[in-house]
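Chain and residue survey
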Amino acid sequence: MTTNVVTLLNSDGIIDPKLTDYWAADIWEVKNFPYPEKLGRRVGKAKFDFTLIQNPNIRNQMKYYSYYGLSHEYWLLASYRNGTYNYLLWVWKFISTYYKNIQSITEMPYQESFQKYKQFLIENNKPLKGSSRNCISRYIGVYNEFYKFWLDFYDDRPEYKKDCWNVEKLGIEFNMSRRDKHINFENIPPVFRELVKEYMYQTLLVQQLITYSTATNIMKKMYLFFDFIVEEHPTWEDLRNMSRIDIERFLFYVRNIEMGGRSYTKNRKPSNRHILECISNVKRLIEYMQRYEWEEAPTIPVKLLIFPEDMPKRKFIRYSDHIKHVPDEIWEQIQQYLHLLEPEIARLIIILEASGFRVSDVCQLNYDSLIRKSDGWWLIGDQRKVRHEKHTVPISEEIVTIIKMQQEYVLSRSKEDDNPNRFLFPVLSGRNKGKVVSQKIVSNALNRLAQKMKILDKDGSIYHFKNHAFRHRYGVTLINNGMNILHVQKLMAHTSPEMTLTYARILDNTLRKEWEKVENAVRLNPHGEVIYADLSEQAEENGLELEWIRHNMDSVRLDHGFCIKSPKLNCDFLEQTLEPPCIKNNCRSFHVNQTFLDYYNSQIIKMESDIELYKKSGRHRSIELIEPKISKYKEIRESISEGTEILGLSKERREYIGSERKKGGPHG
């Protein structure tokens, strides 16, 4: 394709692309199109007449832009004919009216020309909005794409010097399953734009203290601060004179300006989270500037500018109450209609459900993501959010078959240069060729399927799919099937057990019904001794509400009993040992009933077998270590064999009281 274009310097020293062969003509005949595999459907015998564009410089730019898009598969010829070509002619009609003699479209000041172009469309009864919500029309879209293409073409500065960075050109890791790939500084007032760019250059590219995702989140709020500064201090060129009163006024400003500002979220009332992010970004910026002694930094230390009280408290939300996981009845309906989806998307959904990987990590799986070990098949892939490389999870033979089908599909449909990164789910054509499929394709396909086939939730409403709900389904399923919390944490690559515990707090109605059948209970006292009690008597004695007890019985079901510790409190024992820490440490939040009888029977049998082996091998120290454990297990087994219920803690043990509020609560 490079043989079709020559780049020269014109008299002004500007790169001027000169097309050759088929593309050099001013009229392109479909019958001579050099890429017959890219014609598309129903292209007919059309021709593309660029002689309609009288300005030779603009004509050449429109031809080159069209050549580039067709040769790089931005469009098939049919979609170009029915779309982009016609919209480009409208751009020319506008230029011939307002900027007839320009040498390049970039000679038109963008903001000025864009406003004129919108007025031009209105005068010619052309829409400014598309059919979808918050969507611009293709008339405007093509204008913006055409303008930006040439702006980038002539801008030979390093990417980090530009006002809009393309993450693909920055050499840093980013989520390929998302199509947003820019960090845009154009909404920062020009006087402070270079300062913000330098901050991003250092933290994102040089020191790599933040990720691309964090950088985009910062930029979503940062403009508000500098809009405020320019409004309050129009003569400022730096932040050296910033005072405490400026921070106070900024807080008032963000509390009273519509959330979202220039973005699609405008008109929303500012939330505490929004305000917290705004002030946190400012604090982060000032801290960095002062640490590295930037001359633009405020002279007053950041700790005297921004106080902890300035940070609004986010509303406490129990995460487990808001986890949305795909329930069994919904998954059964999905399986029933999977054949109606594109085969590649259906395979991706099956792997998503079976692996517990985040959708972005499934989309970015490597072609060689299967490994065979002595104990069976495993799926290997990176967990990018927690920076955990080569994470592995066990998978069944059925899932292995699905993955091999996808491997065969990719192999049969692609050439080596179509999939240079060897993805399992690559895009094999179009402008995103070589990247991975977009994660939005999955949820969009499922929600269209739900609408079409009436996939209903338990309330009879059309189920709305979110991709992350499949990961939650994986965690909930493991917990409900009795897997050890620590093992679930490892399988899901959680960085802390608290995240894993949220799955265990999702109510299980089946277990609730079983628990409500029994009347007696046992627990461990602070000395590790088993004690008996009647549930209602013990509840009354400790000032507990029975409904609270039943609610917290659902909180955490472990292999060996229940943990009903308040979610406000941290577990002091969870990471101390791989042995059941609740029993080892006589935790008063640990309770057990007869539903765990099989567990204790199996553990006792195993330990007795181990003791026999230790005796034969003379491992007396091992016997000494295991005997107290088997004694405690037998005591628990004997106690629960007659039938049990679960006890809660006393009111003062489950809530913060007195000075414990400041210390983070009681221990135990």
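In this text the structure is predicted, and so the values were computed from the model without any measurement. Counting restarts for each chain: residues are numbered from 1 in the order of the written sequence. Where totals are concerned, whole chains, interfaces and linings use all residues; where local detail is concerned, this predicted model gives features only for residues with pLDDT of at least 70, and gives and counts side-chain atom pairs only at 80 or more. As a rule here, side-chain values cover all heavy atoms of the structure and leave hydrogens and water aside.

As a further point, take the packing of aromatic side chains. Two aromatic rings from Phe, Tyr or Trp, using only the six-membered ring of Trp, form a pair when their centres are within 6.5 Å; if the ring planes differ by under 30 degrees the pair is stacked, by over 60 it is edge-to-face, and anything between is tilted. Tallied over the entire structure, the rule returns 62 aromatic pairs. Here the aromatic rings of Tyr64 and Phe149 are separated by 6.2 Å at their centres, their planes lie at 45 degrees, and the arrangement is tilted. Taken together, the residues span a long stretch of sequence, with Tyr64 in helix 1 (residues 56–71) and Phe149 in helix 4 (residues 138–154) at a distance of 85 residues. Ring geometry for Phe465 and Phe470: centres 6.4 Å apart, planes at 10 degrees, overall stacked. Residue burial is assigned from relative accessible area. The probe radius is 1.4 Å, only protein chains are included, and a residue is buried under 20% of its type maximum, exposed over 50%, and partly exposed in between. In this structure Phe470 comes out as buried when scored by relative accessible area, which is 0%. Cation over ring: Lys38 sits above Tyr35, and NZ or CZ is 4.5 Å from the ring centre. A run of DSSP states H or I qualifies as a helix once it reaches four residues; a run of E qualifies as a strand once it reaches two. Both are numbered from the N-terminal end. Our definition puts a charge over a ring when NZ of Lys or CZ of Arg is within 6 Å of the ring centre and also within 35 degrees of the ring normal.

Attention now goes to the sheet that holds strand 8 (residues 376–383). Pairs of strands are assigned from DSSP output, requiring at least two bridges between the strands. Reading across from one edge, 7-8-9 is the order of the three strands in this open sheet, with antiparallel pairing throughout. Of all strands in the sheet, those with a lone pairing partner are strand 7 (370–373) and strand 9 (388–394), marking the two edges. Averaged over all adjacent pairs, the angle separating strand axes in this sheet is 35 degrees, with direction ignored. Both strand 8 and strand 9 contribute to a ladder of five bridges, which runs antiparallel. What sits directly across from Trp378, in strand 9, is Pro394. Here an angle of 0 to 180 degrees is reported between the N-to-C directions of two axes, which are lines fitted to C-alpha atoms, with helices fitted over the stretch in contact.

Another point: the pairing of strand 8. For strand 8, the tally of buried residues reaches six of eight residues, placing the bulk of the element in the interior. Note: strand 7 against strand 8, four bridges, orientation antiparallel. Bridge pairing in strand 8 places Ile371 opposite Trp378. Between strand 7 and the antiparallel strand that follows it, strand 8, lie two residues. Taken together, strand 8 and the strand that follows it, strand 9, pair antiparallel across an intervening segment of four residues, in which Arg387 is found at a positive phi of about 55 degrees.

Confidence scores per residue from the predictor, reported as pLDDT, run from 0 to 100. Predicted confidence across the protein gives a mean pLDDT of 81, with 78% of residues reaching 70 or more. The contact definition used throughout considers only heavy atoms, calling two residues in contact when any of these lie within 4.5 Å. When the criterion is pLDDT under 50, residues 574–578 qualifies, and its contacts beyond four places in sequence or with other chains add up to nine contacts.

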